[in-house]
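Observations on the three-dimensional arrangement
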Amino acid sequence: MAIRMTKPFTPLGPETMQKLTGQLGVFQLADAEGCVVYIGFAGGRSVFGLRSEVAKATEEVAGVSGFRVEVNQQYTTRYQELLMLHVHDHGDVPAGNKGKPLPRLGRLSPL
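Notes on the structure follow.

A few words on the pattern of salt bridges. Applying the stated criterion across every chain yields a total of six salt bridges. Asp89 is paired through a salt bridge with Arg4; the nearest N and O atoms lie 2.4 Å apart. Taken together, the positions of Asp89 in helix 3 (residues 75–90) and Arg4 in the segment before strand 1 (10–11) put the pair 85 residues apart, joining distant regions of the chain. Bridged by salt links that share partners, the residues Glu70, Arg78 and Glu81 form one connected network.

Before going further, it helps to spend a moment on the environment of Met17. Checked against the element boundaries, Met17 lands in helix 1 (residues 14–18). Note on Met17: relative accessible area 13%, which makes it buried.

The subject of this paragraph is the pairing of strand 4 (residues 66–71). Taken across its six residues, strand 4 has five buried, putting it largely inside the fold. Across two bridges, the pairing between strand 1 and strand 4 is antiparallel. When the sheet's bridge partners are listed, Thr10 is paired in strand 4 with Phe67. As paired elements, strand 2 (residues 25–30) and strand 4 share six bridges and run antiparallel to each other. In the strand pairing of strand 4, Leu29 is matched with Phe67.

Quick notes on the rules
- Residues numbered from 1 in each chain as written.
- Predicted model: local features only at pLDDT ≥ 70, side-chain atom pairs only at ≥ 80, totals over all residues.
- Heavy atoms only, no water.
- Salt bridge = Lys/Arg side-chain N within 4 Å of Asp/Glu carboxyl O.
- Helix = DSSP H or I, 4+ residues; strand = E, 2+ residues; numbered from the N terminus.
- Buried < 20%, exposed > 50% of the residue type's maximum accessible area, 1.4 Å probe, protein only.
- Pairing = 2+ DSSP bridges.

Shown next as structure tokens:
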């Protein structure tokens, strides 16, 4: 599995949100330019898994125009990995993650 999420972003809309499953996993939200503005996860306490967590995040984060998801049973580790990768690439966590509780992040050096 590649360390970066490589699937294209799905445009945000009611019909695309309906297709999301209730499974556990991680997701990224992007703005109109395709830049990641939020990284989140649907864990064991999520009521309807990815569907509910993506919907909640799109209401809380401004400027979202697309999303992509990855079903993953190890969502906490993958969530941290995606945050560390973003910090490596951009120097900081996505704008939508700022001001929210974040896990302690290590350093990631992808090749």
